[in-house]
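# Summary of the model geometry
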Amino acid sequence: MPLVYAELRKLASAYLRGERSDHTLQPTALVHEAYLRLATLRSSKFDNRVHFFGAAATAMRRILVDHSRRHRAGKRGSGVATVDLDLAESVGIDPRVDLLSLDQALERLAAISPVKERVVELRYFGGLSIEETAELLDVAPATVKRHWAFARVWLYRELGESGPNP
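Right, let's walk through the structure included here.

Moving on, we get to the overall build of the protein. Across its full length, the protein carries seven helices and zero strands. Taken from the N to the C terminus, the helices and strands of the protein come in the order α-α-α-α-α-α-α.

What follows is the structure, given as structure tokens:
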């Protein structure tokens, strides 16, 4: 458990590093909230490390998006940030990412291709490698690379249209 906790905390720190300066969510709180969400799942049996971190990535994404929604509730019309998806290769969220716009775009992508949305979620939010993502999705690494390339271009186009000068 200490190794898993340390890795989750590292992911949470990377996610929050680029957040606004007045952000109230701390890495420890994000990890604890994600753990609580995972613990309350009835089907919380994880086959392996990659499966667990995939579920944790989903939980952290939902927590960050919910937190951002609550923060924005009183600040309608605030500026929308651009997204540089080339930075998605590394773990963590680019400080220029508008999480709500990204989440909405991912929901639209899921309607087109749920597997491509899952690849983005696992790679971008979960920090999983191509090989780990392929293992979790039970597909070839080359398939993950194709899905990843398509999704990055698609998201860039989707988010570029809604934000200022991508």
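Turning to its location among the elements, Val119 is positioned in helix 5 (residues 114-125). The class of Val119 is buried, set by a relative accessible area of 0%. C-alpha of Val119 to C-alpha of Lys145: the two residues are 26 residues apart in sequence and 9.1 Å apart in space. If sequence neighbours within four positions are ignored, Val119 has contacts with Thr133, Leu137, Val144, His147 and Trp148.

You can see Ala149 is positioned in helix 7 (residues 141-162). Residues Ala149 and Lys116 lie 33 residues apart in sequence; the distance between their C-alpha atoms is 9.4 Å.

Moving on, we come to unusual backbone geometry. One non-glycine residue, Asp138, lies in the positive phi region at around 60 degrees. Counting through the fold element by element, Asp138 comes out in the loop between helix 6 (130-137) and helix 7.

Take the nonpolar core next. Among the nonpolar cores identified, the biggest contains 40 residues, and Leu30, Met60, Val120 and Phe125 are the most heavily contacted of them. Within the residue set of this core, elements represented by two or more residues are helix 1 (2-17), helix 2 (27-39), helix 3 (49-72), helix 4 (99-112), helix 5, helix 6 and helix 7. Among the elements that take part in this core, helix 3 stands out by supplying ten residues, more than any other. Beyond its immediate sequence surroundings of up to four residues, Val120 is in contact with Leu106, Leu109, Phe125, Trp148, Ala151 and Leu155.

Definitions and limits used
- Residues numbered from 1 in each chain as written.
- Predicted model: local features only at pLDDT ≥ 70, side-chain atom pairs only at ≥ 80, totals over all residues.
- Heavy atoms only, no water.
- Helix = DSSP H or I, 4+ residues; strand = E, 2+ residues; numbered from the N terminus.
- Buried < 20%, exposed > 50% of the residue type's maximum accessible area, 1.4 Å probe, protein only.
- Contact = heavy atoms within 4.5 Å.
- Core = buried A, V, L, I, M, F, W, Y, C linked by side-chain atoms within 4.5 Å.

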